[in-house]
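Residues per chain, in single letters:
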Amino acid sequence: WTRCISWSVAKSFTSALIGIALDQGCVSNLDQKMIDYFPEFTGKLTDPRKEQITIHDLLQMRSGYVWEERTHYMESFFSSGGYWLPFIAEFPLTNDPGSEFGYSNLSSHMLGVIVARGCDSDLKSFAQENLFTPINAEVSDWSQDADGYYYGSHGLSLSARDRAKFGLMYLNDGKYDGNQIISADWINDSLQRYSDNLDISGWIPGITSRYGYYRNLGYGYQWWSAKAGKHQFYYANGHGGNQIVLLDELDIVIVTTADRLYGQFGEEAWEKERAIVKLVGKFINSLPSE
């Protein structure tokens, strides 16, 4: 099967790996402080609020870190040569930790590093052993930062079929083929709405607070949620139109894959993403209620 990069869909997989790490005890609880896993930055954080950021805050995109894609800080990623970890100290906080939603790729990457350091592994190996092999899926490629850590935020290549297996596991409360891969409690907690009525206008060109047919956007543990027509649904979302959509009430998983036209920063990539999202939203909107 053809495997392609899922872009930010990877964030939802990283969330699942945090859940597995909790089940295994190599991450003890979500109230642990982020800085506990990055001791090299102890004493280097000029903003004392960063010392209060928890794993819980990172999962909910409520760490307080700057929303890079709405600001010039996104350029720092491209010019860093892949050295992302120093941004833990360098990037500013725009809100108090836990107070407001702010989409942060850095936060997602930190989650991946936390799994790797906490479980004494690398993210790809841990994922293959504890997530992908149990659902009969396989990682093709996964991008790494300059320190050798696999990105928790993006860069994961999977086939559409394997993405669907992942979505099916979530629909089945963490079970796949009769085996409990992730605890049902984690699935439930991940798909809650910790932030509601999110406004993404000004982030995606041509998008208002409604994302095509998607309305009332919310966010859980690295999972988005929305409503189209009468249907509430959850979705992993990646640039270009990569999505894994969970329609629990109808037992449906929708997977879309797309080339995000890497390196092209004009309208074309966003136009394609809007078209795919509109298509998915129109389909969900057309579905009858139970």
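This text gives an overview of the structure that appears in the document. On a predicted model such as this, the values are computed, not experimentally measured, just so you know.

**Quick word on the packing of aromatic side chains**
Part 1 of the reasoning: Applying the stated criterion across every chain, the model contains 23 aromatic pairs.
Part 2 of the reasoning: Their ring planes at 75° and their centres at 5.6 Å tell us that Phe 77 and Phe 87 sit as a pair that is edge-to-face. Note that Phe 77 is positioned in helix α3 (residues 73-79) and Phe 87 in helix α4 (residues 87-90), a separation of 10 residues in sequence. The same class applies to Phe 77 as to Phe 87, namely buried.
Part 3 of the reasoning: Between Tyr 194 and Tyr 221, the aromatic rings sit 5.0 Å apart at their centres with planes inclined by 10°, giving stacked as the arrangement. Of this pair, Tyr 194 sits in the loop between α8 (184-190) and β5 (215-219) while Tyr 221 is found in the loop between β5 and β6 (224-228), placing the two residues 27 residues apart along the sequence.
Part 4 of the reasoning: Relative accessible area serves as the criterion here: at 26%, Tyr 194 is assigned to the partly exposed category.
Part 5 of the reasoning: By relative accessible area, which is 3% here, Tyr 221 ends up buried.
Part 6 of the reasoning: A cation over a ring is seen here: Arg 70 above Trp 67, with NZ or CZ 4.0 Å from the ring centre.

**Brief notes about the packing of helix α1 (residues 10-24) against helix α6 (residues 123-132)**
Part 1 of the reasoning: At a closest axis distance of 10 Å, the pairing of α1 and α6 adopts a crossing angle of 75°. Put simply, α1 runs roughly perpendicular to α6. Listed contacts from α6 to Phe 13, Ala 16, Leu 17, Ile 20, Ala 21 and Gln 24 of α1 are Leu 123, Phe 126, Ala 127, Asn 130, Leu 131 and Phe 132.
Part 2 of the reasoning: For the contact of α1 with α6, a count of residues per class yields 10 nonpolar, 2 polar and no charged.

**A word on the nonpolar core**
Part 1 of the reasoning: Core analysis: the biggest nonpolar cluster contains 65 residues, and Phe 38, Ile 88, Leu 131, Phe 132, Phe 166 and Tyr 170 have the highest contact counts within it.
Part 2 of the reasoning: Broken down by secondary-structure element, the contributors of at least two residues to this core are α1, α2 (55-59), α4, α5 (105-118), α6, α7 (160-171), α8 and β8 (242-247).
Part 3 of the reasoning: With 7 residues, the top contributor of residues to this core is α1.
Part 4 of the reasoning: Those residues in contact with Phe 38 that lie beyond four places of it in its chain are Leu 85, Ile 88, Met 110, Val 113, Ile 114 and Arg 117.
Part 5 of the reasoning: The next biggest cluster of nonpolar side chains, apart from the first, holds 22 residues, and it includes Trp 67, Ile 200, Tyr 211 and Tyr 235.

**Section: unusual backbone geometry**
Part 1 of the reasoning: The phi angle at Asn 197 is positive, at roughly 50°, despite the residue not being glycine.
Part 2 of the reasoning: Tracing the chain through its elements places Asn 197 in the loop between α8 and β5.
Part 3 of the reasoning: Phi is positive for Asn 216, close to 50°, though the residue is something other than glycine.
Part 4 of the reasoning: You can see Asn 216 is positioned in strand β5.

**Section: the pairing of strand β7 (residues 231-238)**
Part 1 of the reasoning: Of all 8 residues in β7, 6 are buried; the element is thus mostly enclosed.
Part 2 of the reasoning: Pairing analysis gives 5 bridges linking β6 to β7, with the strands arranged antiparallel. When the sheet's bridge partners are listed, Trp 224 is paired in β7 with Tyr 235.
Part 3 of the reasoning: Counting the residues between successive antiparallel strands, the hairpin from β6 to β7 contains 2 residues, one of them, Gly 229, with a positive phi of roughly 60°.
Part 4 of the reasoning: Examined bridge by bridge, β7 and β8 share 5 bridges and lie antiparallel to one another. The residue bridging Tyr 234 from the neighbouring strand is Leu 246, located in β8.

**Some remarks on the state of the cysteines**
Part 1 of the reasoning: Enumeration over the complete set of coordinates arrives at 1 disulfide.
Part 2 of the reasoning: The disulfide partner of Cys 26 is Cys 119, and the gap between their sulfur atoms is 2.1 Å. Its S-S torsion of about 60° marks the bond between Cys 26 and Cys 119 as right-handed, since a negative value means left-handed. Taken as a pair, Cys 26 in the loop between α1 and α2 and Cys 119 in the loop between α5 and α6 lie far apart in primary sequence, 93 residues in all.

Reading the values: the criteria
Every chain's residues receive numbers from 1 upward, in the order its sequence appears when written. Totals for whole chains, interfaces and linings use every residue, but because this is a predicted model, local features are given only for residues with pLDDT of at least 70 and side-chain atom pairs only at 80 or more, for both listing and counting. As a convention, hydrogens and water are excluded, and side-chain values are obtained from all of the structure's heavy atoms. Think of it this way: a Phe, Tyr or Trp ring, Trp meaning its six-membered ring, pairs with another when their centres are within 6.5 Å, and the plane angle makes it stacked under 30 degrees, edge-to-face over 60, tilted otherwise. Helix and strand definitions here come from DSSP, where helices need a minimum of 4 consecutive H or I residues and strands a minimum of 2 consecutive E residues; each element is numbered from the N-terminal end. Only protein chains enter the area calculation, which uses a 1.4 Å probe; residues under 20% of their type maximum are buried, those over 50% are exposed, and those in between are partly exposed. Consider the ring centre and the ring normal. A charge sits over the ring if Lys NZ or Arg CZ is within 6 Å of that centre and within 35 degrees of that normal. Fitted lines through C-alpha atoms serve as axes, helices being fitted only where they are in contact, and the angles separating the N-to-C directions of these axes extend from 0 to 180 degrees. Should an angle lie under 35 degrees it is considered roughly parallel, over 145 roughly antiparallel, and from 65 to 115 roughly perpendicular; all remaining angles are considered oblique. Only heavy atoms matter for contacts: two residues are in contact if any of them lie within 4.5 Å across the pair. Ten residues, namely Ala, Val, Leu, Ile, Met, Phe, Trp, Tyr, Cys and Pro, are considered nonpolar, four, namely Asp, Glu, Lys and Arg, are considered charged, and the remaining ones, Gly among them, are considered polar. For our purposes a nonpolar core is just a set of buried Ala, Val, Leu, Ile, Met, Phe, Trp, Tyr and Cys residues, chained together by side-chain atoms within 4.5 Å. If DSSP finds at least two bridges between two strands, the strands pair. The criterion for a disulfide is a pair of cysteine sulfur atoms lying within 2.5 Å.

Purely spatial values, then, with no claim about function.
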